[in-house]
Amino acid sequence: MEYVVLNDGNKMPMEGFGVFQIPDAAECGRVTYDAIRVGYRLIDTAAAYMNEEAVGRAVARAIADGIVKREELFVTTKVWVQDQKNEETAYQATKSSLKKLGMEYVDLLLLHQPMGDYFAAYRGIEKAKRDGLTKSVGVANYYPAILANLCETVETIPAVNQIELHPFFVQEGALANMKAYGVQPQAWGPLAEGKHGIFTDDSLTTIGEKYGKTAAQVALRWNVQRGVSIIPKSVHIERMKQNLAIWDFALTEEEMAAVAAKDLGRSEIVDHGSPDFVKMILGWKIHG
């Protein structure tokens, strides 16, 4: 595993394990435990995933079984839009997540969407950092102009911005903007959530054959090789292992360019520019 030092001095694995769309507690607990067992040290969850309790129990089990120590793990969670009303609601949401996780702190706390009063909410997670509830703070889904506005305004530059990044949505401009502000990019959906035939793509498969790797491994390697942290998800232990096995080869410049040439220049998963999408997210309640 390779690591990156964030702008606040904290160290984060370049590859982690995501638990989005695993709401079933038993399944989430099983796959999180398996992920830690096979070598993942970054676990990414969120209040809106409705599985923080399962993640926390799996982490506690892995620690109790002697597989890992808490300080060897990097745990991320996120404050949902419903709690981005003001500084206090974001701060209390952090405490609620920690209670569900059964942890005294997380390693990274993100605002999940640039919606609601996210400036006030950001002050809430800055307070959480000062109080030791999280080691680092950051954001998710902050596109370039929004991220620039935030960075030019807040006291603490986000350590991480988690956005959609894969061969079909390359976002080079977003990466350049993050680099200018010292924000670490992290990819959600690094395998495009299985869209675009990514697992059987001809050119990705051909590149992979050269190295004895799969198309998915090539896509993951491409992202980390351009400095992007990744959090692939799988409920299958063999696929988990495959997703981790990307650190023993490197793509050439020509291969990197060939992968990037697949860029569609847009997301086909979400549309943050759509008023209807924004209204849907603002109406998505995760608690009473």
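Structure: see above.
One structure accompanies this document, and this report is about it.

**Thoughts on the sheet that holds strand β10 (residues 229-230)**
Pairing in this open sheet of eight strands is parallel, and the strands run β3-β4-β5-β6-β7-β8-β9-β10 from one edge to the other. The open sheet has two edge strands, β3 (17-18) and β10, and neither has a second partner. Judged from the two bridges that link them, β3 and strand β4 (residues 42-44) form a sheet pairing that is parallel. Bridged to Phe17 within β4 is Ile43.

**Quick look at the environment of Ile281**
Inspection of the secondary structure puts Ile281 in helix α11 (residues 275-282). By relative accessible area, which is 2% here, Ile281 ends up buried. Expressed as a C-alpha distance, the spacing of Ile281 and Met115, which sit 166 residues apart in the sequence, is 8.3 Å. What Ile281 contacts, discounting residues up to four positions off in sequence, is Trp80, Val81, Gln113 and Met115.

**Here's the deal with the nonpolar core**
Judged by nonpolar contacts, the single largest core of 85 residues is most densely connected at Met12, Phe17, Leu111 and Tyr122. Per-element accounting of this core gives the leading share, seven residues, to helix α8 (residues 215-225). Listed in part, the eight residues of the second largest apolar core include Ala48, Val81, Met115 and Phe277.

**Remarks on the packing of aromatic side chains**
Evaluated as defined, the whole model comprises six aromatic pairs. With a centroid separation of 4.8 Å and an interplanar angle of 70 degrees, the aromatic rings of Trp80 and Trp284 are classed as edge-to-face. You can see Trp80 sitting in the loop between β5 (74-79) and α3 (87-101) and its partner Trp284 sitting in the segment after α11, a full 204 residues away along the chain. Overall, the relative accessible area of 1% leaves Trp80 in the buried class. Geometrically, the ring pair formed by Tyr118 and Phe119 is stacked, given 5.1 Å between the ring centres and 25 degrees between the ring planes.

**Comments concerning the side chain of Glu15**
Secondary-structure assignment places Glu15 in the loop between β2 (11-13) and β3. Engagement of the side chain of Glu15 in a polar contact is seen with the side chain of Trp247, the distance being 3.2 Å. Apart from residues lying up to four places away in sequence, Glu15 is in contact with Met1, Tyr40, Leu42, Leu220, Ile230, Pro232, Asn243, Leu244, Ile246 and Trp247.

**Focus: the pairing of strand β6 (residues 106-111)**
Residues in a regular strand point their side chains to alternate faces of the sheet. Counting buried positions along β6 yields six of six residues, so the element is predominantly enclosed. Tracing the backbone out of β5, into α3 and back to the parallel element β6 gives a crossover that is right-handed. Inspection of the sheet shows β6 paired to strand β7 (residues 134-140) by five bridges, in the parallel sense. Opposite Val106, over in β7, you have Thr134 as the bridge partner.

**Concerning the pattern of salt bridges**
Here the structure, examined in full by the defined rule, presents 15 salt bridges. For Arg30, the salt bridge goes to Glu27, with nearest N and O atoms at 3.9 Å. Taken together, the residues span about one helical turn, with Arg30 and Glu27 both in helix α1 (residues 25-38) at a distance of three residues. With a relative accessible area of 29%, Glu27 lands in the partly exposed category. One salt bridge connects Glu238 with Lys241, and the closest N-O pair in it is separated by 3.6 Å. Taken together, the residues Glu238 and Lys241, both in helix α9 (residues 237-244) and three residues apart, mark about one turn of the helix.

**A short note on the side chain of Arg221**
Considering the arrangement of structural elements, one finds Arg221 in helix α8. Glu2 provides the closest opposite charge to the buried, unpaired Arg221, separated from it by 4.7 Å. Residue contacts for Arg221: discarding those within four places in its chain leaves Ile246, Trp247, Phe249, Ala250 and Leu251.

Scoring rules and cut-offs
Residues numbered from 1 in each chain as written. Predicted model: local features only at pLDDT ≥ 70, side-chain atom pairs only at ≥ 80, totals over all residues. Heavy atoms only, no water. Pairing = 2+ DSSP bridges. Helix = DSSP H or I, 4+ residues; strand = E, 2+ residues; numbered from the N terminus. Buried < 20%, exposed > 50% of the residue type's maximum accessible area, 1.4 Å probe, protein only. Contact = heavy atoms within 4.5 Å. Core = buried A, V, L, I, M, F, W, Y, C linked by side-chain atoms within 4.5 Å. Phe/Tyr/Trp six-rings, centres within 6.5 Å; stacked < 30°, edge-to-face > 60°. Polar contact = N/O pair within 3.5 Å; in protein donor to acceptor, adjacent residues only side chain to side chain. Right-handed = clockwise from strand over helix to strand, strands pointing away. Salt bridge = Lys/Arg side-chain N within 4 Å of Asp/Glu carboxyl O. Lys, Arg positive; Asp, Glu negative; His and termini not counted.

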